[in-house]
Amino acid sequence: MKYVLMFVETEEFAQRLEAMGEPEQRAAYEAVGRWFAENADKITHHAHLAPVHTATTVRLGQAEPVVTDGPFVEGKEVVSGFAEVEVADLDEALRLARSWPACPVVEIRPVS
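An account of the accompanying structure is given in this report. None of the values given here were measured: they were computed from a predicted structure.

**Side note on helix H3 (residues 90-98)**
So, step 1. Listed in full, the buried residues belonging to H3 are Glu92, Ala93, Leu96 and Ala97. An end-on view of H3 places all buried positions within 145° of arc, on one side of the element. With respect to the buried face of H3, the exposed residues turned more than 90 degrees away are Arg95 and Arg98.
So, step 2. Its buried side turned inward, H3 meets strand S1 (2-10), helix H2 (22-38), strand S5 (77-86) and strand S6 (105-110).
So, step 3. Its side-chain oxygen placed 3.2 Å from the backbone nitrogen of Asp91, Asp89 serves as the N-cap of H3.

**Here we look at the environment of Glu11**
So, step 1. When you line up the elements, Glu11 lands in helix H1 (residues 11-19).
So, step 2. Sequence separation between Glu11 and Val85 is 74 residues; the distance between their C-alpha atoms is 26 Å.

Analysis parameters
Residues numbered from 1 in each chain as written. Predicted model: local features only at pLDDT ≥ 70, side-chain atom pairs only at ≥ 80, totals over all residues. Heavy atoms only, no water. Buried < 20%, exposed > 50% of the residue type's maximum accessible area, 1.4 Å probe, protein only. Helix = DSSP H or I, 4+ residues; strand = E, 2+ residues; numbered from the N terminus. Arc of directions from axis to C-beta. Contact = heavy atoms within 4.5 Å. Polar contact = N/O pair within 3.5 Å; in protein donor to acceptor, adjacent residues only side chain to side chain.

Everything listed here is a matter of geometry and, on its own, says nothing about what the molecule does.
In structure tokens:
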């Protein structure tokens, strides 16, 4: 089965990462790199998204679609990246998500 793991940053996580010194930040990014390397046999595609301030949102449902700069979604969490994985079942996808070393939220969705 294919799933997408969406890595969600919270404001608190982003602030902690920003407050880290260079060695701590490097170690955090190296942990992410190791996670991708350790799970490379299951990952079919992945990407880190550009910062949230680069987003453009199109809201449909009005007479004319409304286009705005930024995500402007409700809430204080943003998807910062994703990985598409091919695994046996949801349990295996959950094991991968539980081992993610970075963002504090991982949303898992099946690919249809």
